[in-house]
Amino acid sequence: MWSPTEEEKIGVVICSFRGSVSQGLSLEIGETVQILEKCEGWYRGFSTKKPTVKGIFPTNYIHLKKGIVSNSGQYETVALLEDSIVTEVTSTLQEWAFLWKQLYVKNKVDLFYKLRHVMNELFDLRRQLLSGHLTQDQIRDVKRHITVRLDWGNEHLGLDLVPRKEFEMADAEQISVSDLYKMHLSSRHSVQQSTSQGDSMRQCHGEACRIPIPHHLFLNLKSFTYNTIGEDTDVFFSLFDMREGKQISERFVVKLNKNGGPKNPDKIDRLCALFTDLSNRDMKRDLYIVSHVIRTGRMLLNDSKKGPAHVQYRRPYGCAVLSMSDILQSISELKEEKDFVLKVYTCNNENEWCQIHENIIRKSSTKYTAPSTNYGLIISLQLLRGEMELIRRENPMIFNRGVAVTRKLGFPDVIMPGDIRNDLYLILERGDFERGGKSVQKNIEVTVYVLYADGEILKDCISLGSGEPNVSEHRSFVLYHNNSPRWGEIIKLPIPVDRFRGSHLRFEFRHCSTKDKGEKKLFGFAFTPLMREDGTTLSDESHELYVYKCDENSTFSNQALYLGLPCSKEDFNGCPNIPSSLIFQRSAKEMLWISTQLSSTKLTQNVDLLALLKWKAHPDRLMDILGRLRHVSGEEIVKFLQDILDTLFSILDDNTDKYGPLVFQSLVFIINLLRDSKYYHFRPVMDTYIQKHFAGALAYKELIHCLKWYMDRSAEVIRQDHIQEAMRALEYLFKFIVQSRILYSRATCGMEEDQFRMSIQELFQSIRFVLSLDSRSSETLIFTQAALLNSFPTIFDELLQMFTVQEVAEFVRGTLGSMPSTVHIGQSMDVVKLQSIARTVDSRLFSFPESRRILLPVVLHHIHLHLRQQKELLICSGILSSIFSIIKTSSLETSVQEEVEMMVESLLDVLLQTLLTIMSKSQSQEAGEYVSCLLSLLRQMSEIHYQHLLDNFQSKEELKEFLLKIFCVFRNLMKLSIFPRDWMVMRLLTSNVIVTTAQYLSPALHKNFTEADFDFKVWNSYFSLAVLYINQPSLQLETLTPSKRKKILDKYGDMRVMMAYELFSMWQNLAGENKIHFIPGMIGPFLGVTLVPQTEVRSIMIPIFHDMMDWEQRKNGNFKQVEAELIDKLDSLVSEGKGDENYRELFSLLTQLFGPYPSLLEKIEQETWRETGVSFVTSVTRLMERLLDYRDCMKGDETENKKIGCTVNLLNFYKSEINKEEMYIRYIHKLCDMHLQAENYTEAAFTLLLYWELLHWEDRPLREFLHYPTQSEWQRKEGLCRKVIHYFNKGKCWEYGIPLCRELASQYEALYDYQSLSWIRKMEAAYYDNIMEQQRLEPEFFRVGFYGRKFPFFLRNKEFVCRGHDYERLEAFQQRMLGEFPQAIAMQHPNQPDETILQCDAQYLQIYAVTPIPENADVLQMDRVPERIKSFYRINNVHRFRYDRPFHKGPKDRDNEFKSLWIERTTLILTRPLPGISRWFEVEKREVVEVSPLENGIYVVENKNHELRTLICQYQHKQLHGNINLLSMCLNGMIDAAVNGGIARYQEAFFDKDYITSHPEDAEKITQLKQLMQEQVHILGVGLAVHEKLVHPEMRPLHKKLIDQFQMMRSSLCHTLPGLEKISPACSGASTPRGSILVSHSPLSPESIKLVHRHSPLNLLGSIRHSSSSLSSHTSSETGNLIILTDGLVGETSDDIYRMQASPSSSSLSSTHSAPSQMINSAPSSARGSPSLPDKYRHNREMIMLLPPHRDRPSSAMYPAMTENGQPTNFQRALIQQVIGPCKPCSDPNLSVAEKAVPTAPSSWSLDSGTREAMPFLSAHVGSIMVPPVPPRTIPHGHFSMHFDAFHHQISDLPPALPARSLRKSPLHPIPASPTSPHSGLNGSSSTLSGSASSGVSSLSDSNFGHSCEPPVHTDTMDSVPSQSWTTDEDMESPYLPVRYSISEPEVLEPMKLPPCRSHSAPSGVNPHHDPPTLPPKPYMGRGEGCIPEEEMRPRPMPRKISQPLLSCKEEQAKVAWEHGIKEE
C-alpha cells in the first residue's frame, strides 16, 4: 500500500535506474529526487530536473538527505538542508560539466585542462566540507578557496557573477541595491578581497591610515657541497644592507660536521630560518644574504704541524653572498620555495676578513679567491607576506619543521603591545694589542662572559644566532698572527630584566700558541657594566674599553677588585682618583672596541623619560621635564605607555592649575603619537588603560577647560599647530573626559551632573564657533577646522555613554548645521566636510531610528547642495549608499516610511539630474554608484510615497519634466549597459525596479496628459522605454538554461509580459486622435517588441498594429505609412538577427487566438478595409520568409552564392511586390558588393545597372545616400555608368559595355564635353579591339534542381540554370554544389521528382549540363562574321537551354536501330537571360518535344556539311596553311563512315519503299535528306580537290585511299540519289584536269549550299561552336557536329595511315556521352563514354555518324607515331576499336567544353528567382545591352562565290608543301597532365603527327570568306582549336598560350611563348606568366599583309596528358625559313 512519506523527503540517486518496470522513473546518477510516497522497497516521486514526470524507483538506489518542507501537502516543495556553499558547488559543477565538454569540442584545450583541474579541486573541497571534521577556521578557509574557484570558473566560462557576503550567495531581497552593487564589485576581485578583509574592517573603525604589511623571508639550507674542508663548520646567515654598510638582522647559525651534514641528527631537513618583520622600506634597500663560514679545527688547514690535533680553534674560512634585488621579483611571484646556489669565496688576507662580504659584493677580486667548482651552499628561499599569526596559520608545514625565527636588529616598523623583548646586541669590533716581546704577532682569541653583581656567570645568556641553543660563554674566531684583529662578530645577550641591573660583561684575551702543547695563554681582560648609575642602559654606540693585564694565575673570584676600576675613557673621567697599587694594571697601549644595541621593551636608555617617571625626586624640575617629553622617541614612550600616563595624571591631580596645560599638551602629544602607523597597535593598550587602570576622577574638568580654551582661541592665534594637534586628539580626550566623569559620578553618586552637562554644551558651542568661522582667508584655520571635522564623528560613542540618543543627535545636528554651505567654503573643506558626514552616517549613532530622523535632514541638505553643483560625486554616492544600506536593514524590523519620504523629497529629482549628467559623460564608475542609489530609493518607495510625490508637483509642467527625466534615465540604463553582462542578479533587480516604477507612474501619465492636455513627448518617452525594456538581453529567458529560467520565473515572473500589458493598457487609454501621432514613429519599435520570441508578448502587441492601421485608415483613407514603416523595420530587425519561424506564422495568423486577443488577420477580417489589410499581411508574411532566409544565410558560415541568392530574392521582392525603392537600392548595393567579393564582375555590372536605370539624365539634386555624396542625379548616373562600364570590362563583356559608352558619349556630346567624349570614344574603340583580340573562355551551363523542404525558402522545390565558372566542368560543379549543401543527396536519374521527394524533410540535388540556345540567330548565320564575335552571341543573353535524351519508340529493328531512335528534347526557359544580376536564374517554363529519327538524320547531316564547308573555305582563303591534318581527318571521317555504312544506314532506314509508303507525310523531309546527302557528295568532291593540292608527298597514299573510298561511297549512293551519276570521276586520281571539276560542280557559294534548313533545329542554334580539348577532336558543342566515326577509320586495309590515342580524360572519341543525358554521372571519367542504350547496340558502327550533335566534352585524341611502313599495329587498331566502339547515339550535353587543364575555380555561385523586367534602357537601344551590337560591314558582291577556277588558282599560288619530317627520330617529352584530369595508361605512346582524330569528321575551323586584306579574326581557342601538327620546344612545357591584352597587335606577331604549366617550371628563356593560364588569341597580320602561316596563326591546343613530338634543330630552322617566306609573300 502506498503511503505518504514523513521523514524521507529528498535524496540523491547513487546508481542509475533505467525505469524498466511499469511506471518506472528513469534516473541518472547524481540527480536529486523529491519523494512523495513509499511502498515495500519502492519510492514514488519525481526528479527535480523534470518535476512534471512522476514515477517509481527503488529505495536502495537513493541516498536520503535532510530537507526542509514548505507548503506541505500535494504541492509541497522540499529544499536540501545543507550548507549553502555545498549546494552552490553542486549546482555549479553540474552546470560546468556540460560547458566543459563543449570546450573540448571547440578546441579550447588550455581552458579545458585548467577547468578540469579546478573542478577536481572543488570536488575535493566539497568533500572536506561535508566530512564535518573541520574547525571553524578551516571551514572558513575551505569556503574561501571554494568561492575563489567558483568565481574564476564562472568568469572564464562567461557565466553570471555571484554576489557574495561572507562567502555565501547574497540574497538580493535582504540588502540594499547599493550593497548589492558593492558586492558585485568585490566578488569580481574575490581573491584579493579574502586577503584584505581585515584591513577593510579596520578602516571602517575610523582611522584612515593603513597598517604596513610585513614581509618574511624563509631560508632553508639544503646542503653545503663544498666539502674539501674536512672539519666541523659553523655557517652564519644574515641580511646585510650594502648602502648603509651594516647588518640589519640577527644571525642564523648552522653547525655542520666534517661530512657536511648537520651536527645534530635531529636537524636533518630542518636547517631553516624565517627572517621576520622586513618592512616595505627594507625590501627597497640594497639587501644581500651574507653567509660566513667558520671552521673549527687546526690553525692552518693545509699544515698538519701547526698546532696539535686535540686543540680546536675557530678559524675564518670563506664567505658567500646573494643579492636580494636580483631575486626578489622571482621569489615574490612564486608560492613555493626556489633554489639558489651560493659560491663560497675564501679570503686572501685575514686582516680583511671582516670586510670580505663587502669586497665580494664590490667585486674586488684581488682580495678573495673564487672556488674551483661552481658548487657551494644550496639554499631555497620563499617570500611570505602578512602578520605573523596569519603566516603561522597559512604555512603550518614551515613551523612544524622547527624553523628558527630570526629577528631584525632593533624593533620592527610596528611594535605589538604584547611583544616583550629584552635583547642586547654586542658587536666585537676590533682590538689593539702589544707584541709582548715575541718575534711574530699573536693569535688572539676573545672569550665573553656575562656576570651578575655577585660574580656568578649567568647561564645561557649568550646567543651566537638563531637555530642553536644559548651558551654561557662565547669564544671568538682566531685571526692568525694578528695583533690588531678585526672581528666584526655579532652576538645577542638575552639577559633577564631582573638580572640586568648589576650585571657586567667580561672579555678575556688569550694567545693561542701553535707549538706542540698548543696551549692558550691568558694575557689580559676588559669589562663593562650594562647599566649606568642613573639607571639608563649602555647606550647604542661604539665603546672603547681599557685592557687590563693579567695571567692564568690571576683570580677573578672577587670581581669587586676590578669593577671599581674605570672600564673606559668616559668612566675614567668620572673617577680620576684610582690608586695605582691595585692587582690589575691597565695596559696603556692596548684597547678593545665594542658596540652595543639595545632592543628592549622594559629598559630605557633615555634620561628624560627616567626623569619623568621619577618626577617626585625633582619636583622643581617638573616644568622642564614635561617640556622635554616631546623629544623622547616614540618607541620609548609606547614601551612605557601605562607608566607615563599614570605619571601625567598624578601630576594633574597634584597641581591642576600649575601643570594642567602642560599635562594636557603632553597627553595630546602621546595620543597623536598613537596615530602613527608604527604604534597604531598600541591603541588597544590605551583603551585598556582607560577602561581598567585610569583613575583620574577629577581630570575631566581640566581637560574640558583646556579643550574649550584651545577652541576659543582658534579665531585669534596665527600659529595653530598646537590647536590642530588638540583637535586630532579629540577622540581619546573625550574618552578620558567621559571615563573620568563616570569615575567621579560613581564616587560621588552623580554629583555635579548639571555642571558637567553645561560644560559639554559649552564645549559644543565652541566647536560650532570654530566650524562657522570663514576660513577662506586663513589657511591655518582651514587645517584646524579640517582636524576638528575629522575627529568629530569619533566622539559620538563616548557621548552616548552619558547622553541619550536624541541628545547626542541634537548635538551633532547643531554641529553639522553650523558648517557653512558649499558656496562659502573652498574645495578642500568640501571634501573634509563630506568625509565627516560620511563617518557620521557610518557611526553607531546613525543606526538608531530616532537619531536618524533628527540627522537625516541636515545630511540630505548637504548632499543635495553638492549634487546640485555636481561636486564630490564619489563621496556623496558613498554616503548615500551607506544611508540606503542602513535604511534597508532597518526596514526589515521597523517602518522607515518617514525617512524614505524625506529622501524622496530631497533626493529623487537631484539624483535623476545627476545621473543624466554622468551618463552623458559616460563615467561608468560613478554611474554605477548613482544608479544603485536611485534603484535603492525607488525600491524602498511604496504606493504612498509615489502618491505623495505625484501630489507634490505644483504644475503639470513640473510633473512632465520629472517623468521625462526618469524615463530618460531608465532608457539610458538599458542602452548604456551600466552593469556588465554577467551581473545578472543586478540586471534583473534593475528590471524589476523599473517595471514596478513604471506601473506606479503610468496612471499619472494617463491622468494628466491625455485628451486636451496630450503631450506627445512624454508619451513617446514612455513607449520608447517600454520597448527598450522588453527587448533587454537580460530578460530574454529563451536563451537561458532551464534551471536558470525557472529560478528567474519563480522570483520575478516574466517581466516582459508585465511591461507588455502595461504598454497595451496605456495604448488603450490613449485617445484615438492622439494615436495618430505615433504613426509611423512607433511602428518600428513596437515591431521590435513583437519579434521577442514570447507568445504572450506577441499576442498583446498584435492588436496595437491593428489599431494603428485602423486609425490611419480612418484619417488618410489608407495605411501606407504603417505599411512602409513596418516593412523598413522588419528588414532592419531581421537583418540584425531577430525574429523566428513562429513569428512568420503569427503574422500570417494561421493560429486562431493568442491569449485574450484575436489575431491580426482575424481583426482585419472584420474591417471595411479588409482586402487591402489581408493582402498587406500576406505580403509581409512573404517578406518575412525571404528576410529570415537572408538572415540565416548571413548569420551562418554560408557560401557566397547562397548569400547572393538570398539577396537577389529579397531585391526582387522589394522591386516587384512591395515597391520599396530605397530598400531595393540598398539590396542592389549589398548584392553588388557580394559579386565583387566573389569576382563576378559581369554580374556586379548588371546589378548596378538596376540602380542606373532608376536614374534619369536630369539635374535634380539627390541627398547623401549609402556611400554616395550629395550630388545631382546626372552626376550620380554618370558615375554609376562609368563604374558599370568598368565592371563589364573586368568581366570581359565588352559588348554590354559598348552601348553604355555610346549612351555616355551622347550625353557628353550634348554638353560639348569633348574631353570626356574623346575618352569614352577611345574606350569604346578599345572595347572593339578587345573583342577581336582578347581571349575569352566560354562557360558551361548546368541545370540544378533543389528538392525537399530542408532547402531555404528561395531554393525549395525549384530548378535553376547556373552559369559555371571558368574551366568548371560538370564533376567540379557537382562537387561544389554538394560541398555547399553537405546534407544534400545527389539524385542519380534525370526524371522529374515526385511529390514524396518534394515534401520530404531532406535535401535532394539534381544536376546536369545543358546547352544554350542563342537568341540572336541572325548574327550567327552571317558567314562573314568572325568566330570571335559569334562565340559571344552563342553564350550570352541566353534564356533558353536544352538537353536531349535518346530513346526508342515502337519495335526496334535489330539490323538498323536508327529507324526507331528518337530524341526527347527538353527546352528550359529562364525568368531572366544569363548572364544577369546572378550567376543563376530560376526556370520559368519547360518545353519538351520529340525529334523523329528522320528529323534527327537531317539535323546530323546538315551540321556535318556545314562543318566541312567551313573548313574547306578556311583552307581556300589561306587561313590554314601547311598542315592539312584537319582536312585529311575530316574527309577521312566522312568518306570512310559513308562507305562503311554511316549514311548508308539512313538510306536503309528512310529511303526504303516501305518507309516512304507508310510515312507519306515525311516525303518532304526525305527529299530534304536526299538533297543534303547529295550536297555532302558535292562538298566532299571540292574538299578532295583542295586536299590534292595541299597534300604532302608522303601522305599521297592516304589521298589515294580517300579517292578510292569516295568512289565507293558515290557508287553506293548512286541508286538512291540519281543526281550523283552525273559527277565525273574528277576526284578519282591526282591528275584530274581542272576543267572536269568545273564541269561537274556547280559553284560552291553560300547561296547554293545554304547551311541551315528552314525547319531544322539549327535555326535556333545558329552557327557552329567548336569545342576543343588538348589536341582534341573538334566536335561542335552547341550545334553539334556530324558524328561519322566508324571502325573504318581504324582501317581494315593496309592503306590506313593514322592510328589514334584516346585522351586520358575521355573514354570515347565520339561526341556522345554516358548514361541518360540528364543524369549526373559519378563514375570515374574513364567510364563516362557510353550513353544509356542497351549493350547490344554498343558495337554498331553504323549508328555513330547518325546521332544528333550536342555540346559535349570533346574527345581528345591525336595521331600516334606510325610504324615503319606507315601502318598501325594490330594492338593500336584494337585499342581504337575498343575506345571508339562503345560510342552511343546520344545527344547528352553533360560533357562540357574542352577538358580544361586548370584546377576548378573556387565555389561561388549565384542564384536568382526573380524576373527582370525589360530594362527601359534596353528598349531604347535595339540590340543594346542584352543583345550587343553587331558592327555593320560592307561586303562586295560576289565575294562568297567559290568558283573552282578561282579556287584552283588560289591553291596553285600556295607555296610548296612542307617536306615530311623524319618521323622516327623525333624524341618524346611527356607533357604533364592537367591538374584536373585523371591519369591514364595511354599517355606513353609517342606521336609524330598530332592531329585531331575527330569522331568521324573533324570539326572545321570557322570560315572567314574574306579578302586577304581582311585580317583573319582570332578564334576562341576554347571553342575552335585546330590541331597543331608541329610543335616547338616551348609547346612541350606548357599547354597554354598567353593572352594578349593589348588593344592593337604588332604588324607581324612574334612566335608565341607559352607560360609554364602549373605543375612544371618554365624552360629557360620562357617568361613564366603570373596570370592564370588563359587560352591564346589567334594572331593576325596587319591590314593588307596577306595571310599568316598556319603555325603562327593557329592557337595552341590544350593537352590533357599527351606526349607531343619535339622538332629537331634542322627542322626548326627549315620551319622558320619557310614561315619567313610566307610572311614576305
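**Student:** Quick one: what's the story with the pattern of salt bridges, residue by residue and with numbers?
**Tutor:** It is possible for side chains of opposite charge to pair when their charged atoms get near one another. As enumerated under the stated definition, the model contains 82 salt bridges in all. Of the charged contacts, one joins glutamate 489 and arginine 251 as a salt bridge, the two residues approaching to 3.8 Å between their closest N and O atoms. Taken together, the residues span a long stretch of sequence, with glutamate 489 in strand β26 (residues 486–493) and arginine 251 in the loop between β13 (246–247) and β14 (252–256) at a distance of 238 residues. The exposure class of arginine 251 is buried, given its relative accessible area of 8%. The closest approach of N and O atoms between glutamate 1038 and arginine 1056, which form a salt bridge, is 2.9 Å. Placement of the pair is glutamate 1038 in the loop between α34 (1016–1030) and α35 (1042–1052) and arginine 1056 in helix α36 (residues 1055–1069), with a sequence separation of 18 residues. The class for arginine 1056 is buried, based on a relative accessible area of 0%.

**Student:** Any details on the packing of helix α27 (residues 849–868) against helix α29 (residues 897–921)? Residues and values, ideally.
**Tutor:** It is at 10 Å that the axes of α27 and α29 come closest, and there the two elements cross at 10 degrees. By the angle class used here, α27 and α29 are roughly parallel. When the axes of α27 and α29 are compared, the crossing they make is left-handed. Note on element contacts: α29 touches α27 through Glu898, Glu899, Met902, Met903, Ser906, Leu907, Asp909, Val910, Leu911 and Thr914, opposite Pro849, Arg852, Arg853, Leu856, Pro857, Leu860, Ile863, His864, Leu867 and Arg868.

**Student:** Hey, could you go over the packing of aromatic side chains for me, with residue numbers and the actual values?
**Tutor:** As enumerated under the stated definition, the model contains 67 aromatic pairs in all. Centre to centre, the rings of tyrosine 345 and tyrosine 368 are 5.0 Å apart; their planes meet at 70 degrees, and the pair counts as edge-to-face. You can see tyrosine 345 sitting in strand β19 (residues 345–347) and its partner tyrosine 368 sitting in strand β20 (residues 368–369), a full 23 residues away along the chain. By the burial criterion, tyrosine 345 is buried, and tyrosine 368 matches it. Measuring from centroid to centroid gives 4.4 Å for tyrosine 946 and tyrosine 1000, while their planes differ by 25 degrees, and the two rings are stacked. Of this pair, tyrosine 946 sits in helix α31 (residues 943–951) while tyrosine 1000 sits in helix α33 (residues 984–1008); the two residues are 54 residues apart in sequence, bridging distant segments of the chain. Among the aromatic residues, those joined into a ring-pair cluster are Phe967, Phe1014, Phe1016, Trp1019, Tyr1022, Phe1023, Trp1067, Phe1078 and Phe1086. Geometry around tyrosine 1499 places arginine 1465 over its ring, the cationic atom sitting 5.4 Å from the centre. When the ring centre of phenylalanine 1551 is taken as origin, the NZ or CZ atom of lysine 1570, which lies over that ring, is 5.3 Å away.

**Student:** Go over the sheet that holds strand β23 (residues 422–432) with me, naming the residues and quoting the values.
**Tutor:** Taken in spatial order, the eight strands make up an open sheet running β25-β24-β27-β28-β29-β30-β23-β26, and their pairing is antiparallel. The open sheet has two edge strands with one neighbour each: β25 (473–475) and β26. Across this sheet, the average inter-strand angle for adjacent strands is 25 degrees, counted without regard to direction. Bridge analysis of β23 against strand β30 (residues 586–600) gives 10 bridges, and the strand direction is antiparallel. What sits directly across from leucine 424, in β30, is leucine 598.

Definitions and limits used
All chains use their own residue numbering, which begins from 1 and follows the written sequence. At least 70 in pLDDT is required for a residue's local features to be given in this predicted model, at least 80 for side-chain atom pairs to be given and counted, and no such filter applies to totals for whole chains, interfaces and linings, which use all residues. By convention in this description, side-chain values take in all heavy atoms of the structure and omit both hydrogens and water. What makes a salt bridge here is a side-chain nitrogen of Lys or Arg within 4 Å of a carboxyl oxygen of Asp or Glu, nothing more. Secondary structure elements are defined from DSSP: runs of H or I of at least 4 residues count as helices, runs of E of at least 2 residues count as strands, and each element is numbered from the N terminus. Only protein chains enter the calculation, and the probe is 1.4 Å; a residue is then buried if its accessible area is under 20% of its type maximum, exposed if over 50%, and partly exposed in between. A fitted line through C-alpha atoms serves as each axis, taken over the contacting stretch for helices, and the angle formed by two N-to-C directions is quoted from 0 to 180°. Reported orientations rely on four angle classes, namely roughly parallel under 35 degrees, roughly antiparallel over 145, roughly perpendicular from 65 to 115, and oblique for the rest. Crossing handedness: left-handed means the near helix sits turned counterclockwise from the far one by under a right angle, and right-handed means the same turn made clockwise. Contacts: residue pairs with any heavy atoms within 4.5 Å of one another. Each Phe, Tyr or Trp ring, with Trp reduced to its six-membered ring, pairs with another whose centre is within 6.5 Å; inter-plane angles below 30 degrees give stacked pairs, above 60 give edge-to-face pairs, and intermediate values give tilted ones. Only lysine NZ and arginine CZ atoms are considered, and such an atom sits over a ring when it is within 6 Å of the ring centre and within 35 degrees of the ring normal. Strand pairing is assigned whenever DSSP detects at least two bridges linking the two strands.

Geometry only, nothing functional implied.
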